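Chain by chain, the residues run as shown.
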Amino acid sequence: MKMKIKTRDFGEIEIDESTIINVPEGIIGFESVKRYTLIYPLGENTFPMWLQSVESVEPCFVVYNPTQIYSDYRFEISDDEQELLKLDESTPYTCLAVAIVPDDYKQTTINLRCPIVLNLKDNIAAQVMLEDYDFKYPVYSKED
């Protein structure tokens, strides 16, 4: 079933309700917003993507897959987080890192410390907290 949503950066768009991602605990600073969708302005499965609330224009986050930027990115999530996300060994999932995009986009950074883990089978997501990573990791190298 299709529905129309208002977006921060793309005006009104139509999405399939099956693409709605449920975030039971919300995202830090936006705990009351529980439903999002991914928008792919550069093509499906091409980053950056926009994680857009389906409930209102804000919040909207530009997100990247951190493993595409930082190849050594690894983490474990707790049993409680696995239960919340309905994850087991066979569940496909991905990880999204929220970006800060300044006027000079080459200064864009991603938050590796607080990724959003997304269960791709059930469209459930949760933000997890990691100790071993920085809040601001550059997306572009100095040579880019």
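Rules used throughout
Residues numbered from 1 in each chain as written. Predicted model: local features only at pLDDT ≥ 70, side-chain atom pairs only at ≥ 80, totals over all residues. Heavy atoms only, no water. Helix = DSSP H or I, 4+ residues; strand = E, 2+ residues; numbered from the N terminus. Rg over C-alpha atoms; globule rule 2.2 N^0.38 Å. Buried < 20%, exposed > 50% of the residue type's maximum accessible area, 1.4 Å probe, protein only. Contact = heavy atoms within 4.5 Å. Areas by Shrake-Rupley, 256 points an atom, 1.4 Å probe, with all protein chains shown as cover. Lys, Arg positive; Asp, Glu negative; His and termini not counted. Charge placed at Lys NZ, Arg CZ, Asp CG, Glu CD. Polar contact = N/O pair within 3.5 Å; in protein donor to acceptor, adjacent residues only side chain to side chain. Salt bridge = Lys/Arg side-chain N within 4 Å of Asp/Glu carboxyl O. Pairing = 2+ DSSP bridges.

Peer 1: Residues and numbers for the overall build of the protein chain, please.
Peer 2: Check the secondary structure of the protein chain and you find 2 helices and 11 strands. Since a compact globule built from 144 residues should have a radius of gyration of about 15 Å, the 15 Å found for the protein chain is in line with a globular shape. With the principal axes as the frame, the protein chain shows a C-alpha extent of 45 × 40 × 25 Å. When the 144 residues of the protein chain are sorted by exposure, 42% land in the buried category. Nonlocal contacts in the protein chain, meaning residues at least 24 apart in sequence, comprise 49% of its contacts between residues at least 6 apart. Total accessible area on the protein chain stands at roughly 8600 Å², and carbon and sulfur atoms take up 48% of it. One finds the centroid of the 13 positive side-chain charges in the protein chain at a distance of 6 Å from the centroid of its 26 negative side-chain charges.

Peer 1: Any chance you could break down the side chain of threonine 91 for me, citing the residues and the numbers?
Peer 2: Residue placement: threonine 91 occurs in the loop between helix H2 (79-85) and strand S7 (93-100). A relative accessible area of 8% places threonine 91 in the buried class. Here aspartate 88 takes part through its side chain, which lies 3.0 Å from a polar atom of the side chain of threonine 91. Setting aside anything within four residues of it in sequence, one finds threonine 91 in contact with Lys86, Asn119 and Lys121.

Peer 1: Give me the pattern of salt bridges: which residues, what numbers.
Peer 2: In the structure shown here, the tally under the stated rule is 4 salt bridges. Of the charged contacts in the structure, one is a salt bridge between arginine 35 and glutamate 55, with a shortest N-O distance of 3.9 Å. Taken together, the positions of arginine 35 in strand S4 (residues 35-39) and glutamate 55 in the loop between strand S5 (49-53) and strand S6 (60-64) put the pair 20 residues apart, joining distant regions of the chain. Among the salt bridges present, the one from aspartate 122 reaches lysine 121, with a minimum N-O distance of 3.9 Å. Given the relative accessible area of 31%, aspartate 122 is considered partly exposed.

Peer 1: With reference to specific residues and values, describe the pairing of strand S2 (residues 11-16).
Peer 2: Bridge count between strand S1 (residues 2-7) and S2: 6 bridges; the pairing is antiparallel. In the strand pairing of S2, threonine 7 is matched with glycine 11. Where S1 hands over to S2, the hairpin turn is made up of 3 residues, counted between the paired strands.

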